[in-house]
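Overview (structure and organization)
Each chain is listed here by its residues.
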Amino acid sequence: MKNEPDIWRSVDQHAPDLIGLSDRVWGMPEICYTEYRSVAEHTAMLRDKGFQITENVAGIPTAVIGEAGQGGPIIAFLGEYDALPGLSQEAGVAEPRPLPGNGQGHGCGHNLLGSAALLAACALKDWLEATGTPGRVRYYGCPAEEGGAAKSFMAREGAFDGVAVAITWHPHCFNEVAPALSLANTRMDFEFTGRASHAAAAPHLGRSALDAAQLMCTGVQYLREHVPQESRIHYSFLDAGGVAPNVVQAKAKLRFAIRSPDLPGMFELNERVKRIAQGAAMMTDTRVDISIMSAVSNLLPNAPLEEAMQANLERLGPPVFDEADRAFAAEIQATLQASDIASAWRGVGLAPRDTAALCDFIVPRGTAREPMIGSTDVGDVSWIVPTVQAHAATLAIGTPGHSWQVTAQGKTPAAHKVLTWVAKVMAATAQDCLTNPDLIARARADLDARLAAAPYVCPIPAEVRPPLQPRPDAA
Ligand SMILES: [Zn+2]
């Protein structure tokens, strides 16, 4: 049947190199636009595997593209390699044990994500060369998924223009085609400026920025009843104006995250929150300056690509674990609450099976789910390019996202097996696209039909720059 076994063999051949890359990146956790060592590792691997390199993609020094092949459609594999603060953890240990260092850790498994995507790209490159098929493969090394919206900035600068199909995955508790469920999300800052005065001797001369910030929060609490249910609005105080109660606070700063199931809904909600801020400023005779820090779009589904990926999941069959893999996953599960595990099963719409702590099956499509939904910058890619994602079970069932348990499971033998396995799923889906041009046409038509209802508008305003960080040795 076609050439799947060949492309899967090619994945197996490259796998040791990419597992090594994943483990090295796990060992150098770098957060939000500081991924200088991680991108250097990915760039070196791309060069080693014979890809043409484009560095500094969209002006971001920790983003890289590797390309191979001639003519034909461009298939993109999206990789990531950023870590998280506060999630340092020894690998292969089922109790909290942070490593010495800066406290950062791969608590979302992006070391695996990037390496498996690059592995799929290597296999597709081999196949293109061996068969002379017209087509190009690109690996996108994307930084700052966590809070940095790098792909959204890259999308705004045209980095994904001309790509026919984008394929990616995320470490997860289950094996499945990832449902296209994510919320569009804007991070917006509200800086109130008033006038300081002695809070006892001259309160009438003061204009309190802290009062304005509190009134804004109160206004938003009242807003919540009158927004679509799936919306989410959260906030934090970046600056409460100081520690002296006897000074009228002249400044205060809030950061809001405003989330909605779709882009048009988010744009509308953003304006409503802004008007509340302006109302709070008016009530307190203060001024408010509003700025967007970053934003991402919701994910758009793509039925033709999801069907193609599901067929490949089923053709390949689930990952095969051994007793040691299952035993460690059971140890991790013992650190979780029963509610974590129950919630994970509800999230994929399946009744709990207590046979194993690791998912050794494929979740069917179309189950009735109760997903808990976050946001991802893959969303912006999906508005420009037909996009499909897999979930693959590197994690014991019930492992919460962004936890020390994720870091602990980031370079286990089970994680390595799944890294290789999901690269096969992605490579075969890409191969389907290149051997069956009708699939690309149907995927594009699916996206175009969605865009006819609401065209893509990058949610990050043109003047907002990514919060790039200096190269550590250049400081
Ligand atoms: Zn992630």
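Definitions and limits used
Residues numbered from 1 in each chain as written. Predicted model: local features only at pLDDT ≥ 70, side-chain atom pairs only at ≥ 80, totals over all residues. Heavy atoms only, no water. UniProt positions renumbered as here; feature names shortened; annotations may be inferred. Helix = DSSP H or I, 4+ residues; strand = E, 2+ residues; numbered from the N terminus. Expected span 1.5 Å × (residues − 1). Buried < 20%, exposed > 50% of the residue type's maximum accessible area, 1.4 Å probe, protein only. Polar contact = N/O pair within 3.5 Å; in protein donor to acceptor, adjacent residues only side chain to side chain. Salt bridge = Lys/Arg side-chain N within 4 Å of Asp/Glu carboxyl O. Core = buried A, V, L, I, M, F, W, Y, C linked by side-chain atoms within 4.5 Å. Contact = heavy atoms within 4.5 Å. Donors = N, O, S within 2.8 Å, 3.2 Å for Na, K, Ca; no water. Axes fitted to C-alpha atoms, helices over the stretch in contact; angles between N-to-C directions. Parallel < 35°, antiparallel > 145°, perpendicular 65-115°, else oblique. Left-handed = near helix turned anticlockwise from the far one by under 90°. Nonpolar A, V, L, I, M, F, W, Y, C, P; charged D, E, K, R; others polar.

Under an unreviewed UniProt entry, the chain has the name M20 family metallopeptidase and belongs to Plastorhodobacter daqingensis.

What about the UniProt feature "domain: Peptidase M20 dimerisation" (unreviewed entry) in the chain?
According to UniProt, the feature "domain: Peptidase M20 dimerisation" (unreviewed entry) maps to residues 188-263 in the numbering used here. Across residues 188-263, the secondary structure splits into 21% helix and 32% strand, with the terminal C-alpha atoms separated by 15 Å.

Re helix H5 (residues 209-223)
Compared with the 21 Å implied by 1.5 Å per residue over 15 residues, the 21 Å span of H5 between its first and last C-alpha is a close match. Those residues of H5 lying buried are Ala 209, Leu 210, Ala 212, Ala 213, Met 216, Cys 217, Gly 219, Val 220 and Leu 223. Measuring from the side-chain oxygen of the N-cap residue of H5 to the backbone nitrogen of Leu 210 gives 3.3 Å; that N-cap residue is Ser 208.

Examining the pattern of salt bridges
Per the counting criterion, the structure on display carries 29 salt bridges. For the salt bridge of Lys 151 with Glu 80, the shortest nitrogen-to-oxygen distance reads 2.6 Å. Note that Lys 151 is positioned in helix H4 (residues 150-156) and Glu 80 in strand E3 (residues 74-80), a separation of 71 residues in sequence. By the burial criterion, Lys 151 is buried, and Glu 80 matches it. Taking the shortest distance from any N to any O, the salt bridge between Asp 239 and Lys 251 comes out at 3.0 Å. On the criterion of sequence distance, the pair formed by Asp 239 in strand E8 (residues 232-239) and Lys 251 in strand E9 (residues 251-260) is long-range, its members being 12 residues apart. Assessed through its relative accessible area of 22%, Asp 239 is described here as partly exposed. Because the salt bridges share partners, they merge into one network encompassing Glu 67, Arg 136 and Arg 138.

Quick notes on the nonpolar core
If you look at the biggest cluster of nonpolar residues, it comprises 72 residues, and the most contacted ones within it are Ile 75, Phe 77, Leu 124, Ile 167 and Trp 169. If near-sequence neighbours (up to four positions away) are discounted, Ile 75 is found in contact with Leu 124, Arg 136, Val 137, Arg 138, Val 165, Ile 167, Ala 430, Cys 433, Leu 434 and Ile 440.

Things to note about the coordination of the zinc ion
Tetrahedral coordination by four donors places them ideally at 109.5 degrees to one another around the metal; octahedral coordination by six donors ideally gives 90 or 180 degrees. On the protein side, the zinc ion has Cys 108 (SG), His 110 (NE2) and His 170 (NE2) as donor atoms, found 2.1 to 2.3 Å from it. The sequence pattern formed by the donor residues of the zinc ion is C-x1-H-x59-H. Separated by 62 residues along the polypeptide, Cys 108 in the loop between E3 and helix H3 (110-131) and His 170 in strand E5 (residues 165-172) bring together distant segments of the chain. Just as Cys 108 is buried, His 170 falls in that class too.

Some words on the packing of H3 against helix H12 (residues 413-435)
When two helices pack together, their arrangement is captured by the angle between the axes and the distance separating the axes. Running from N to C, H3 and H12 point in directions that differ by 45°, and their axes come no closer than 8 Å. Taken together, the axes of H3 and H12 lie oblique to each other. Relative to H12, H3 is oriented so that their crossing is right-handed. Taking contact as the criterion, the partners of Leu 112, Ser 115, Ala 116, Ala 117, Leu 119, Ala 120, Ala 123, Leu 124, Trp 127 and Leu 128 in H3 are, on H12, Ala 415, Leu 419, Thr 420, Val 422, Ala 423, Met 426, Ala 427, Ala 430, Gln 431, Leu 434 and Thr 435. For the contact of H3 with H12, the per-class residue count stands at 17 nonpolar, 4 polar and no charged.

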